[in-house]
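Close look at the chain arrangement
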Amino acid sequence: MAIPSRIVELAGEMATVEAFGELRSVSLMLMNDGVALGDYVLVQAGGFAYERVEHQVAQEALRIFGQVVGFPQA
């Protein structure tokens, strides 16, 4: 299961993403479409973003996931 992560910093083919207060660096080399600050992406094991997620869909997924595991809504 991939958790939508919000892009908070862009640096070439790399991005810093945030989910539930945790930051991590991910590669954008598998992305077919461009991304911008504030976009939500799905990240696969190994740290590769592979799909952009619409804001409303990402927010709903984060809300549900947060309820299931007890995290506050992002």
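Before reading on, note that the structure itself is shown above.
Observations regarding a nonpolar patch on the surface
Together, Met-29, Leu-30 and Tyr-50 line one region of the surface with nonpolar side chains, adding up to about 300 Å² of accessible area. Locating Met-29 in the fold gives a position in the loop between strand S3 (22-27) and strand S4 (40-44).

Details of the pattern of salt bridges
Throughout the structure, instances matching the rule amount to three salt bridges. Residues Asp-33 and Arg-52 are paired through a salt bridge, measuring 3.9 Å at the closest nitrogen-oxygen approach. With Asp-33 in the loop between S3 and S4 and Arg-52 in strand S5 (residues 48-53), the pair connects residues that are 19 residues apart, well separated along the chain. We classify Arg-52 as partly exposed; its relative accessible area is 37%.

Some points on helix H1 (residues 55-69)
Between the first and last C-alpha of H1 there are 21 Å, a value that for 15 residues agrees with the 21 Å anticipated at 1.5 Å per step. Ala-58, Gln-59, Leu-62, Phe-65 and Gly-66 are the residues of H1 that are buried. The buried residues of H1 occupy an angular sector of 135° when the element is viewed end-on, so they sit on one face. Opposite the buried face of H1, by more than 90 degrees, sit the exposed residues Gln-56, Val-57, Gln-67 and Val-68. Structurally, H1 contributes buried residues whose contacts are with S4 and S5. After H1 finishes, the residue Gly-70 shows a positive phi value of roughly 85°.

Quick word on the nonpolar core
Listed in full, the nine residues of the largest apolar core are Ile-7, Ala-15, Val-17, Val-26, Leu-28, Met-31, Val-41, Val-43 and Ala-49. Elements supplying a minimum of two residues to this core: strand S2 (14-19) and S4. Those residues within four positions of Ile-7 in sequence are excluded, and the remaining contacts are Ala-15, Thr-16, Val-17, Val-35, Ala-36, Leu-37, Gly-38, Asp-39 and Val-41. In this structure, Tyr-40, Val-53, Leu-62 and Phe-65 belong to the second largest nonpolar core, which totals eight residues.

Thresholds, definitions, all that
Within any chain, residue numbers begin from 1 and follow the written order of that chain's sequence. Only residues with pLDDT of at least 70 get local features here, since the model is predicted, and only at 80 or more are side-chain atom pairs given and counted; chain-wide, interface and lining totals rely on the full set of residues. Note that water and hydrogens are dropped before the side-chain values are worked out from all heavy atoms of the structure. A patch consists of residues whose relative accessible area exceeds 30% and which take part in no salt bridge; residues with like charges are grouped when within 9 Å of each other, and nonpolar side chains (Val, Leu, Ile, Met, Phe, Trp, Tyr) when within 5 Å. Here the Shrake-Rupley method, with its probe set to 1.4 Å, supplies the accessible areas, and only the displayed protein chains count as covering residues. A pairing counts as a salt bridge when a side-chain nitrogen of Lys or Arg comes within 4 Å of a carboxyl oxygen of Asp or Glu. For the purposes of this entry, the term helix denotes a DSSP run of H or I that reaches at least four residues, the term strand denotes a run of E that reaches at least two, and both are numbered from the N terminus. Burial classes: relative accessible area under 20% of the type maximum marks a residue as buried, over 50% as exposed, and values in between as partly exposed (1.4 Å probe, protein chains only). Here, expected helix span is obtained from the residue count minus one, scaled by 1.5 Å. Arc, as used here, means the arc of the directions from the helix axis to the C-beta atoms. Any two residues having at least one pair of non-hydrogen atoms within 4.5 Å are treated as being in contact. Take the buried residues of types Ala, Val, Leu, Ile, Met, Phe, Trp, Tyr and Cys, join any two whose side-chain atoms come within 4.5 Å, and each joined set is a nonpolar core.

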